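The chain contents come next:
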Amino acid sequence: MSNEILYILLPDYAAHEAVYLSQAIASDEYALKENPKYVNKVLAPTLEPVKSIGGFRTVPDYSFETIPDDNAALVLIGGFGWSTPVADRVVPIVRQAIEKGRIVGAICNAASFMAKHGFLNTVRHTGNGQEQLRLWGGDNYTNSDGYVNAQAVSCGNIVTANGSATLEFAKELLLLLENDTPERIEMYYQFNKQGFCALFGEQ
């Protein structure tokens, strides 16, 4: 299996939602990892730079036409593009990943996209509130009983999160990927959640 993690970025994506996960994949608390377990790659509709909500432009590694057959995980980064027609092109990519037993993460509007296409109907999940999941999902969303009112939820190989849960989303994916020991992943989580001063400040 490839060690590449593919971050799906659609136009007007939420750049902050990829930060904690991608950072922990590529570095530890000291420096960039010499031999990381996984490699971060960007997947977008085309190979043209894709713009974030904040105006940053990211050059993709792969387009939907050049996506490799193998990867370690798909991470659907939220943003406004998930409510546009280009999102429909992601459906077969996610379906194939789930069928192959790959890890799939979806945060914010990307979780609502997952509901819209029935990908959450067999797993416990969360997102930007049950009302939005029902609104986006319509008749294709049949698992409202599986909704959990939590920042992030991991079930099987699928991780979902709401738009304020960037750090919790990263934690659940890092555990599922076994990117490090659970203890070190928890340390990373607490450091970023509580802050340097809270954990290491003078008493």
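Structure shown above.
Below, the structure is looked at part by part.

Calculation notes
Residues numbered from 1 in each chain as written. Predicted model: local features only at pLDDT ≥ 70, side-chain atom pairs only at ≥ 80, totals over all residues. Heavy atoms only, no water. Axes fitted to C-alpha atoms, helices over the stretch in contact; angles between N-to-C directions. Helix = DSSP H or I, 4+ residues; strand = E, 2+ residues; numbered from the N terminus. Parallel < 35°, antiparallel > 145°, perpendicular 65-115°, else oblique. Contact = heavy atoms within 4.5 Å. Nonpolar A, V, L, I, M, F, W, Y, C, P; charged D, E, K, R; others polar. 1 Å grid on protein atoms, 1.4 Å probe; cavity = no way out; pocket = protein on both sides within 12 Å on 5 of 7 lines; lining within 4 Å. Points joined across faces, edges and corners; volume = space filled by probe spheres on them. Phe/Tyr/Trp six-rings, centres within 6.5 Å; stacked < 30°, edge-to-face > 60°. Buried < 20%, exposed > 50% of the residue type's maximum accessible area, 1.4 Å probe, protein only. Lys NZ or Arg CZ within 6 Å of the ring centre and 35° of its normal.

### Thoughts on the packing of helix α5 (residues 166-177) against helix α6 (residues 182-194)
Step number 1: Running from amino to carboxyl end, α5 crosses α6 at an angle of 170°, the nearest separation of the two axes being 10 Å. Compared by their axis directions, α5 and α6 come out roughly antiparallel. Residues L167, E168, K171, L174 and L175 of α5 lie in contact with α6, whose contacting residues are P182, I185, E186, Y188, Y189, N192 and K193.
Step number 2: Its residues placed into classes, the contact of α5 with α6 shows seven nonpolar, one polar and four charged.

### Let's talk about empty space enclosed by the protein
Step number 1: Summed over the entire model, instances satisfying the criterion amount to one cavity of 30 Å³ or more.
Step number 2: Considering only enclosed or pocket space, the largest cavity measures out at about 40 Å³ in volume.
Step number 3: As for the largest cavity, its lining consists of I67, P68, D69, N71, L74, I93, Q96, A97 and R102.

### Observations concerning the packing of aromatic side chains
Step number 1: Counting across every chain of the model gives four aromatic pairs.
Step number 2: With a centroid separation of 4.7 Å and 50° between ring planes, the pair formed by W82 and F113 is classed as tilted. Pair noted here: W82 is in the loop between β6 (73-76) and α2 (91-99) and F113 is in helix α3 (residues 109-116), with a separation of 31 residues, a long-range link. The pair W82 / F113 is uniform in exposure class, with both members buried.
Step number 3: Site record: aromatic cluster; members linked through ring pairs are F191, F196 and F200.
Step number 4: Residue placement shows K171 over the ring face of Y189; its charged tip is 4.5 Å from the ring centre.

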